[in-house]
Amino acid sequence: MLSLEAVSKRYGRGRPVLIDIDFRTRPGAVQAVTGGNGSGKSTLLRVLAGVSRPSSGTRSGDPGVIGYVPDRFPANTRLSARSYLAHMGRIKGLSTQQAAARATDLLTRLDLVGGCYTPIRDLSKGNAQKVAVAQALMVRPRLLILDEPWSGLDASAHGVLASIIEELASGNGTVVFTDHREAVTGAVATEVYRIESGRLSGSSPGAGVAAGRSAGLSEVVLRTPFHDPALPLGEELSGWDGVQATSAAGPGRVRVLVLRSLCDRLLLTALQRGWSVDGLRHDVSVPSQVSGWNAR
Amino acid sequence: MTALYRYSLATTLHSQRYVAPMVFFLGLLAVLTSGDSGPLLGVYPAAAGALLACATWVAASVVNVQEPVGRAVLVVNARRSRDVLIADIAVSATLCSGMTVVGLFYPILTGSHVVTWQAVGIGALAELTCACVGIGLGLLCSRLVIGRPGYSVVVGLGLVLAVVLAKPLPPVYPMLFALNSGRTPTELFLPFLGYTATGLCVLAATAAAAQYLATRTD
């Protein structure tokens, strides 16, 4: 957990950008900060990420691995997207093979157009933003800080980013993001803060997808007609988007715990691959309370 | 740290910003030392002085390759801004090591000198000292401390001239002066070890100052 207490920030002798900010991250929460241009949103995130030092007040706590996506990703580097991500993965402690594999996975999931071997400076703004998001996820962060992350992303990437945020929050991580559109912050966040002229207002509850962990999960029972008894049944499913846990449910059947927002996609994919749906239940309890589950 | 070094080296090589100071160094070396036939120690002040100026340029270029936002991302991923700065210094030192080797052997190959290993060793200490001081000056006029490129160039030139010309300021001026004093390499060895140690101290002090100022202003 990370907390800011009475934090103020002023650049040089200019006007204060942040004034007496009190803010605390909470595990499992998606916290949004909204406000107009120049209201201090980005500076608040920079202080949270530890790249900017408060002029007064304290930043305390160690949330563990932090992922940070700035509002403007530097797009002039000649490194390819994959190479850049591999470097960032190594810096975060992954081996070269692990970093390369993780980079490929993330770029595939975010659907990078233009190829992962294209220099970042030749990518469009939206694709460079996907690289920015991917670098923050090279090692699963405990605190993900996103500064206007939807800027430049296409509609499909919006959905992927929302599911990533949801997965992190479901795994007891914390996501803090800014956006000047209150419709977006209200839809995704569990807590919404407003910042005006450097002052942060108290939080209001959002209607975000991760508002309650149990309310965001669905249980699906799937049956396969061509099950090989020698292979673990849930292994293939555990790699699918949104799947939180799997467990055996009798011969040729598997019970899958999936994020509610990605349940329809899982059903569609399962049906297309020849599985049958034997049962479906929304708003089930969290996997840790159910015995016999294999968490993802 | 190895991963940070690799990243810093890769971005520096891709940016090609190291090319201009290296070409400038070769040009200075060719003009100032080619065809000389005097004592070998007599040509090393020119090589060391050229290395001082180019090391300043190289170090500033290595740090400035990263835009401030990219550096912020790097600092978050590395978890400590100090490590990022150390990696930049290591990359600058790598490039300066290459220039030191060229600065040591180019005068031997193009001039006619009586070559002794003792004289080459003293030359190496002189050039390494200048490289250390130059890297330190480069950090002070990099984007970490001075945001405007125009001011950075002026401050860099001023610092290099001050270090070379200011008589009471160790280690560069007294070291270059000693090379032309006519003393033997054996006599110069101990003082030059001291100059090199001082150069390393200057580098450590300027790195700490740059880190402090960068943190204060960010």
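Residues numbered from 1 in each chain as written. Chains lettered and ligands numbered in written order. Predicted model: local features only at pLDDT ≥ 70, side-chain atom pairs only at ≥ 80, totals over all residues. Heavy atoms only, no water.

### Some remarks on the domain arrangement of chain A
Residue and element names in this part refer to chain A. Along its sequence, chain A is carved into domain 1 (3-205) and domain 2 (214-295). At the junction of the two partners, domain 1 supplies 5 residues and domain 2 supplies 8 residues. Taken together, both faces of the contact between domain 1 and domain 2 bury some 480 Å²; the carbon and sulfur share is 47%. Counting every contact that joins domain 1 to domain 2 gives 0 salt bridges. Where domain 1 touches domain 2, the interface holds 0 residue pairs in polar contact (both at pLDDT 80 or more). Of the residues in the side of domain 1 that touches domain 2, the class split is no nonpolar, 2 polar and 3 charged. (Domains from an automatic or database assignment. Contact = heavy atoms within 4.5 Å. Buried area = accessible area lost by both parts, 1.4 Å probe. Salt bridge = Lys/Arg side-chain N within 4 Å of Asp/Glu carboxyl O. Polar contact = N/O pair within 3.5 Å; in protein donor to acceptor, adjacent residues only side chain to side chain. Nonpolar A, V, L, I, M, F, W, Y, C, P; charged D, E, K, R; others polar.)

### Concerning helix 9 (residues 185-217) of chain B
All names here are of chain B. For helix 9, spanning 33 residues, the distance from its first C-alpha to its last is 46 Å, which sits close to the expected 48 Å at 1.5 Å a residue. Where helix 9 bends most, the angle comes to about 35 degrees, and this point is Pro-191. Turning to helix 9, its buried residues number three or more, namely Pro-185, Leu-188, Phe-192, Tyr-195, Thr-196, Gly-199, Leu-203, Thr-206, Ala-207, Ala-210, Gln-211 and Ala-214. As for helix 9, its buried residues are in contact with helix 3 (40-64), helix 5 (81-110), helix 6 (117-140) and helix 8 (172-179). (Helix = DSSP H or I, 4+ residues; strand = E, 2+ residues; numbered from the N terminus. Expected span 1.5 Å × (residues − 1). Bend = angle between axes of the 7 residues up to and from the residue. Buried < 20%, exposed > 50% of the residue type's maximum accessible area, 1.4 Å probe, protein only.)

### A closer look at the interface of chain A and chain B
Contact residues are listed per partner, giving 25 residues for chain A and 24 residues for chain B. Together, the buried faces of chain A and chain B total about 2,200 Å²; carbon and sulfur atoms form 60% of this surface. Contact with chain B buries area across many residues of chain A, yet Arg53(A), Arg78(A) and Ile91(A) alone supply 26% of it, more than any other trio. Linking chain A with chain B are 1 salt bridge. Among the ionic pairs, Asp62(A) bridges to Arg79(B), the shortest N-O distance being 3.0 Å. The interface formed by chain A and chain B contains 5 residue pairs in polar contact (both at pLDDT 80 or more). Among the elements of the structure, helix 1 (41-49), strand 5 (66-69) and helix 2 (81-91) of chain A are those that each provide at least two residues to the side of chain A that touches chain B. Per-element tally for the side of chain A that touches chain B: the top contributor is helix 2 of chain A, with 5 residues. Among the residues making up the side of chain A that touches chain B, the classes are represented as 11 nonpolar, 6 polar and 8 charged.

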